[in-house]
Structures are given as structure tokens and as C-alpha cells.
Amino acid sequence: MRVAVVGGTGLVGRYVTEALTRAGHDAVIIARSHGVDLRSGDGLDQALAGVEAVIDVTNSTDSVPDKVRAFFGAATGNLLAAERRAGVGHHVVLSIVGVDLVQGNAHYAGKRHQEALVEAGDVPSTILRATQFHEFAEMVVSWTRRGDVATLPPLLVQPVAAADVGTILAEIATGSPQGRARDLAGPEPQDLVDMARRALAARGESIRLVPSWRNGPFNVEMAGEVLLPGPDARLAPTTFDAWLAQPVLA
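Quick look at the structure, then. None of the values given here were measured: they were computed from a predicted structure.

Looking only at helices and strands, one finds 8 helices and 12 strands in the protein chain. Relative to the 2.2 N^0.38 estimate, which gives 18 Å for 250 residues, the radius of gyration of the protein chain is 18 Å and therefore close to what a compact globule would have. The principal-axis extent of the C-alpha atoms belonging to the protein chain is close to 55 × 40 × 35 Å. For the protein chain, buried positions account for 50% of its 250 residues. A sequence separation of at least 24 residues applies to 79% of the contacts in the protein chain between residues at least 6 apart. Accessible surface computed for the protein chain: about 11100 Å², of which carbon and sulfur atoms make up 50%. Separation between the mean location of the 22 positive side-chain charges and that of the 28 negative ones in the protein chain comes to 5 Å.

Another point: the side chain of Ser-125. Mapped onto the elements, Ser-125 comes out in strand S5 (residues 125-130). Overall, Ser-125 belongs to the buried group, its relative accessible area being 13%. Discounting residues that sit within four places of it in the chain, Ser-125 has contacts with His-90, His-91, Val-118, Pro-177, Gln-178 and Gly-179.

Moving on: helix H5 (residues 136-144). Among the residues making up H5, those that are buried are Phe-136, Ala-137, Glu-138, Val-140, Val-141 and Thr-144. Residues of H5 that are buried make contact with strand S6 (149-152), helix H7 (192-202), strand S11 (208-211) and helix H8 (240-244).

Okay, helix H4 (residues 106-120) next. With 15 residues, H4 ought to run about 21 Å at 1.5 Å a step, and its terminal C-alpha atoms sit 22 Å apart, in line with that. For H4, the complete set of buried residues consists of Ala-106, His-107, Tyr-108, Ala-109, Gly-110, Lys-111, Gln-114, Glu-115 and Val-118. Of the surrounding elements, those touching the buried residues of H4 are strand S3 (53-56), helix H3 (65-86), strand S4 (90-96), S5 and strand S8 (179-180). A side-chain oxygen of the first residue of H4 lies 3.0 Å from the backbone nitrogen of His-107; this N-cap is Asn-105.

With that settled, the discussion passes to the side chain of Asp-164. Considering the arrangement of structural elements, one finds Asp-164 in helix H6 (residues 162-173). Although Asp-164 is buried, it forms no salt bridge, and the closest oppositely charged side chain is Arg-22 at an N-O distance of 8.0 Å.

In this section: the pattern of salt bridges. The full count for this structure, using the stated rule, is 15 salt bridges. Glu-115 is the salt-bridge partner of Arg-180, the closest N and O atoms lying 3.6 Å from each other. Of this pair, Arg-180 sits in strand S8 while Glu-115 sits in helix H4; the two residues are 65 residues apart in sequence, bridging distant segments of the chain. Note on Arg-180: relative accessible area 37%, which makes it partly exposed. We note a salt bridge from Glu-205 to Arg-145, for which the minimum N-O separation is 3.2 Å. With Glu-205 in the loop between H7 and S11 and Arg-145 in the loop between H5 and S6, this residue pair connects regions lying 60 residues apart in the sequence. We classify Arg-145 as partly exposed; its relative accessible area is 32%. Connected via shared salt-bridge partners are Asp-100, Glu-115, Glu-119, Arg-129 and Arg-180.

Turning our eyes to something else, we now look at the nonpolar core. Counting residues in hydrophobic clusters, the biggest one holds 27 residues, and the most contacted among them are Val-141, Leu-152, Leu-192, Leu-209 and Leu-227. Of all elements in the fold, only H5, S6, H7 and H8 reach the threshold of two or more residues within this core. Element by element, the count of residues in this core is highest for H7, at 6 residues. Judged by nonpolar contacts, the second largest core, of 26 residues, contains Val-57, Val-92, Phe-133 and Ala-181.

Moving on, we get to the packing of aromatic side chains. This structure, assessed with the given rule, holds 5 aromatic pairs. Each ring, one from Phe-71 and one from Phe-72, has its centre 5.2 Å from the other, and the planes form 70°; the classification is edge-to-face. Given the relative accessible area of 12%, Phe-71 is considered buried. Here Phe-136 and Phe-218 contribute two aromatic rings whose centre-to-centre distance is 5.7 Å and whose plane-to-plane angle is 65°, an arrangement assigned as edge-to-face. Of this pair, Phe-136 sits in helix H5 while Phe-218 sits in the loop between S11 and strand S12 (234-235); the two residues are 82 residues apart in sequence, bridging distant segments of the chain.

What counts as what
Residues numbered from 1 in each chain as written. Predicted model: local features only at pLDDT ≥ 70, side-chain atom pairs only at ≥ 80, totals over all residues. Heavy atoms only, no water. Helix = DSSP H or I, 4+ residues; strand = E, 2+ residues; numbered from the N terminus. Rg over C-alpha atoms; globule rule 2.2 N^0.38 Å. Buried < 20%, exposed > 50% of the residue type's maximum accessible area, 1.4 Å probe, protein only. Contact = heavy atoms within 4.5 Å. Areas by Shrake-Rupley, 256 points an atom, 1.4 Å probe, with all protein chains shown as cover. Lys, Arg positive; Asp, Glu negative; His and termini not counted. Charge placed at Lys NZ, Arg CZ, Asp CG, Glu CD. Expected span 1.5 Å × (residues − 1). Polar contact = N/O pair within 3.5 Å; in protein donor to acceptor, adjacent residues only side chain to side chain. Salt bridge = Lys/Arg side-chain N within 4 Å of Asp/Glu carboxyl O. Core = buried A, V, L, I, M, F, W, Y, C linked by side-chain atoms within 4.5 Å. Phe/Tyr/Trp six-rings, centres within 6.5 Å; stacked < 30°, edge-to-face > 60°.

The following block contains the structure:
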């Protein structure tokens, strides 16, 4: 199959592209660096020529809810319209476990808007909600670090390997549309602060980690088991320890 990967140069996008190629499919990367602007739609029609399925793993780094919703609204609207013109038969989008339970986070607001547009659209679709990636703890450290101190929220998560997410997205896209796929998570729950401590130690870094909900992008509505998958979730195989043991953390 010819499958387009929207956001194919990013963390998950690279793994999706690799998984599609391993399986013998033709992966088409859609990204600004490849001449496509999702906000305006420029280049989309050419990029989707002959494409049978689309996997959308785009992201927004904005912290203002209205701006994030506007980004996902424009990008998803342009993408779905171009898919209709191209005759694409399957639109797959990556979302987040618990996205409908967290109201005060800008990114979650944008993803809810994205999901609603996909569900209301007329391109057959599958929405896959996944938990945070193994890289998440170090990402939060990079956002909050001030010198040798970083503040992390005491989140309970069940992280999944981005490589596993890429493989499963490729599998879903080359199958029949499911509407809402089973949630995807890693094999075991983890404490975010402990994850960060272990990841930093594996890199040989020494940073003081302060567990706190203050001065960060998350709030207490994410406490407890809000970010954990339900009992029917699909569990990917790679543990956090196995990921840490890889020669290069990726």
C-alpha cells in the first residue's frame, strides 16, 4: 500500500515510516520540510496522489488552548478535504489516553477537537489513543529544568515505547477502519519522577528532581489514575527498563 505519514519526521512518525517500509509498503512523508504546509493545505494534493491510507501523528507545542485548537482544526480540516479529493480510504490519527478526562491542558483540548473533526468527517477512520511515551519523563525535565534542578509533577503513567506505537499504527492503517481502536499502553505503570531519575542516571546526568504540581504544564486533575489505560487496553511489549537498556535512548 501507499501510506502517507503526516508528521513523518517526528519521533513517532519516524517509527511509523520504518514500520511501513519493513512491511513492504510505500511510505510518503508529509511535513513542512517535505514541501507540505498543513495550516494552508499547500502541497497536500500532490503529496496524497495515489495514497490509500493516511496516518496523522502531528503535534503542537503551543500552550494556549485556542491556538492549539486552531492548529489542529486547520491541519485536520485541510487534511480530510485533501483526502476526499484523493480518494483516500482510511484516516488514522494518534491521540492520548484520558484526553476526555483532562480539561485544563491546552494540548488535550486540541486533541479533543482533532478527534471530533475526524469522527464527524466522511473519510473512514480509526482513532488510536496511546499513553505517554518512554521519552516523556526526560521531555518534562527539559521543559522545567533550571540549572541543576527540575520540577516534575508526581504523575502515574503507563508509558509505551514510541517504536511500538509506530508499529501498531502501521498495522492499523493497512487494515480496515475501526472507528475507535483499543487504547494502547506499555506493559506496566510507572511513577514519572522515578522514570526521570532512572533515565537521567542512564545518561550519566545528576539533576535534583523536585516533585511538585507548581510551575509546570500539568495540574492536579491529572493525579491518581487519570492517565492510566482501562482494563481492555492493548499492551505493547517494550518495558521502560528494556528501553533504558538500549545502547541509544530513542
